[in-house]
Amino acid sequence: MKNLEAQERDDDTVPEKLSAEDPAKSGMAASSAMDGVAATALRSVLSRVQQAAERAGCRADQIRVVAVSKTKPVSLVRQVYDCGHRCFGENYVQEMIEKAPQLPEDIEWHFIGNLQSNKVKPLLSGVPNLAMVETVDDEKIANLLNKAIESIGRKPLKVFVQVNTSGEESKSGIEPSGCVELAKHVHLGCPNLEFCGLMTIGMPDYTSTPENFKALANCRTEVCKALGIPEEQCELSMGMSGDFELAIEMGSTNVRVGSTIFGPREYPKKK
Ligand SMILES: *Cc1c(COP(=O)(O)O)cnc(C)c1O
């Protein structure tokens, strides 16, 4: 996976960095202890990802781990950054706009939430180092992103097309039957967007089933056929804290891991 080599090289120095950290800077001593927990949890996730990649017969550096930092303080993100990790995800525009400027510019931010039309410009101008929007689920939002990028003059934005693989109305994402058309639109009709693959959340309670993962893999087959691109050019973003190893074994190249790295969030999960 990305960063693993740096990660291993850094292993000896990281505990020093952590213990040398001034507790006053990150608030109380208790939060400093929490930060240590996140660093340890990241290492554990990265090694589980590596093992899952081996079982899947792919290289670990082909799997991207998006550390999902929503609701978590900047100090905690910083600790995970200091371990060598560079890819982070947020699902609320406002929260991302507030946090990103307080953190290093070489972070690759992934937006993984529902993107409303009126938030497209604030997101793009507020987060210059936005690397990817994983949740493009209709032509309208694709067109708005495409236009806004042109007017801001930033480099093309990587996107995933979000697919609703559970058939539940409450989940955003395009129906599997519409994914080819939308992927085509992004690939051919949006010069400022770079179509990079497909993303799914799974069930409305944020769990996924093997059927959801299979459905997304089937969508990839169709999309690659229609666009005439090899499967390696169409990533799959699937798998979260509870199921990222299974997702990798089923072909995921981008796992979005929040609570297993940062600890449980302090609001109830959507049901
Ligand atoms: C919050 C979130 C995640 C991470 O969930 P965890 O179960 O905490 O790992 C992944 N994907 C999306 C879209 C999310 O909103």
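Nothing here was measured: the structure is a model prediction, and the numbers come from that model.

*Asks:* Please give an account of the overall build of the chain that cites residues and values.
*Replies:* Within the chain, the regular secondary structure consists of 11 helices and eight strands. By residue count, 42% of the 271 residues in the chain fall in the buried class. Of all intrachain contacts in the chain linking residues separated by at least 6 positions in sequence, the fraction that spans at least 24 positions is 61%.

*Asks:* Account for the site of the ligand, with residues named and values stated.
*Replies:* Residues in contact with the ligand amount to 13 residues; listed here are only the nearest, Met 240, Ser 241, Arg 256, Gly 258 and Ser 259. Among the secondary structure elements, those contributing two or more residues to the shell around the ligand are strand E8 (254-257) and helix H11 (259-262). Counted by class, the shell around the ligand contains five nonpolar, six polar and two charged residues.

*Asks:* With reference to specific residues and values, describe the pairing of strand E4 (residues 130-136).
*Replies:* Judged by how many residues are buried, E4 sits mostly within the fold: six of seven residues are covered. Across three bridges, the pairing between strand E3 (residues 108-111) and E4 is parallel. Directly across from Phe 111, in E4, lies its bridge partner Val 133. The parallel pair E3 and E4, bridged by helix H6 (residues 120-126), forms a crossover whose chirality is right-handed. Relative to strand E5 (residues 157-162), E4 is paired through three bridges, and the arrangement is parallel. For Met 132, the partnering residue across the bridge sits in E5 and is Lys 158. Chirality of the crossover, the property in question, places the unit of E4, helix H7 (residues 139-152) and E5 among those that are right-handed.

*Asks:* Tell me about the UniProt feature "modified residue: N6-(pyridoxal phosphate)lysine" (unreviewed entry) in the chain, and name the residues and values.
*Replies:* When the UniProt feature table is mapped to this numbering, "modified residue: N6-(pyridoxal phosphate)lysine" (unreviewed entry) covers Lys 70. For Lys 70, the position within the fold is in the loop between strand E1 (64-68) and helix H4 (74-82). Setting aside residues up to four positions removed in sequence, Lys 70 forms contacts with Glu 90, Asn 91, Tyr 92, Glu 95 and Gly 258.

*Asks:* Please set out the nonpolar core residue by residue, giving values where relevant.
*Replies:* Generally speaking, a soluble globular protein has its nonpolar side chains buried in company with each other. Counting 71 residues, the largest nonpolar core has Val 49, Val 159, Val 161, Val 186 and Leu 198 as its most contacted members. Per-element accounting of this core gives the leading share, eight residues, to helix H3 (residues 29-56).

*Asks:* Hey, could you go over the pairing of strand E2 (residues 87-90) for me, with residue numbers and the actual values?
*Replies:* In the sheet, E1 pairs with E2 via two bridges, with the strands oriented parallel. Bridged to Ala 67 within E2 is Phe 88. Of the crossover connections in this fold, the one passing from E1 over H4 to the parallel E2 is right-handed. Two strands pair when backbone bridges link them, and E2 and E3 are joined in this way by four bridges, in the parallel orientation.

*Asks:* Which residues make up helix H8 (residues 179-189), and what values go with them?
*Replies:* Among all positions of H8, only Cys 179, Leu 182, Ala 183, Val 186 and His 187 are buried. Projection of H8 onto a plane perpendicular to its axis shows the buried side chains occupying an angular sector of 130°, all on one side. For H8, the exposed residues set more than 90 degrees away from the buried face come down to Leu 188 and Gly 189. Buried residues along H8 sit in contact with E4, H7, E5, strand E6 (193-199) and helix H9 (210-227).

*Asks:* Requested: an account of H9, with residues and values cited.
*Replies:* Across its 18 residues, H9 extends 26 Å between first and last C-alpha, which sits within 8% of the 26 Å expected from 1.5 Å per residue. Those residues of H9 that sit buried are Asn 212, Phe 213, Ala 215, Leu 216, Cys 219 and Val 223. Looking straight down H9, one finds its buried side chains confined to an arc of 155°; they lie on one side. In H9, the exposed positions angled more than 90 degrees off the buried face are occupied by Pro 210, Glu 211, Thr 221 and Lys 225. Structurally, H9 contributes buried residues whose contacts are with H8, E6, strand E7 (235-237) and helix H10 (244-249).

*Asks:* Kindly report on unusual backbone geometry, identifying the contributing residues and their values.
*Replies:* The backbone of Thr 71 shows a phi angle near 70°, a positive value even though the residue is not glycine. Take Thr 71: it is sitting in the loop between E1 and H4.

*Asks:* Any details on the environment of Ile 229? Residues and values, ideally.
*Replies:* Positionally, Ile 229 belongs in the loop between H9 and E7. Assessed through the 14 C-beta atoms surrounding it within 10 Å, Ile 229 is described here as partly exposed.

*Asks:* Describe the confidence of the model for the chain, listing the residues and the values that go with them.
*Replies:* Mean pLDDT over the chain: 88, with 85% of residues reaching 70 or higher. Confidence drops under a pLDDT of 50 for residues 1-35, and excluding neighbours within four residues, the segment shows 46 contacts in the predicted structure.

*Asks:* Quick rundown of the packing of H8 against H9? Include the residues and the values.
*Replies:* Contact pair H8 / H9: the axes reach a minimum separation of 9 Å and the direction vectors enclose 45°. In terms of their interaxial angle, H8 and H9 are classed as oblique. Between H8 and H9 the crossing geometry is right-handed. Between H8 and H9, the residues in contact are Cys 179, Val 180, Ala 183, Lys 184 and His 187 and Cys 219, Glu 222, Val 223, Ala 226 and Leu 227, respectively. Residue composition of the contact of H8 with H9, by class: seven nonpolar, one polar and two charged.

What counts, and at which threshold
Residues numbered from 1 in each chain as written. Predicted model: local features only at pLDDT ≥ 70, side-chain atom pairs only at ≥ 80, totals over all residues. Helix = DSSP H or I, 4+ residues; strand = E, 2+ residues; numbered from the N terminus. Buried ≥ 20, exposed ≤ 12 C-beta atoms within 10 Å, placed from the backbone. Contact = placed C-beta atoms within 7 Å. Near = placed C-beta within 6 Å. Nonpolar A, V, L, I, M, F, W, Y, C, P; charged D, E, K, R; others polar. Pairing = 2+ DSSP bridges. Right-handed = clockwise from strand over helix to strand, strands pointing away. UniProt positions renumbered as here; feature names shortened; annotations may be inferred. Core = buried A, V, L, I, M, F, W, Y, C linked by C-beta atoms within 7 Å. Arc of directions from axis to C-beta. Expected span 1.5 Å × (residues − 1). pLDDT = per-residue confidence, 0-100. Axes fitted to C-alpha atoms, helices over the stretch in contact; angles between N-to-C directions. Parallel < 35°, antiparallel > 145°, perpendicular 65-115°, else oblique. Left-handed = near helix turned anticlockwise from the far one by under 90°.

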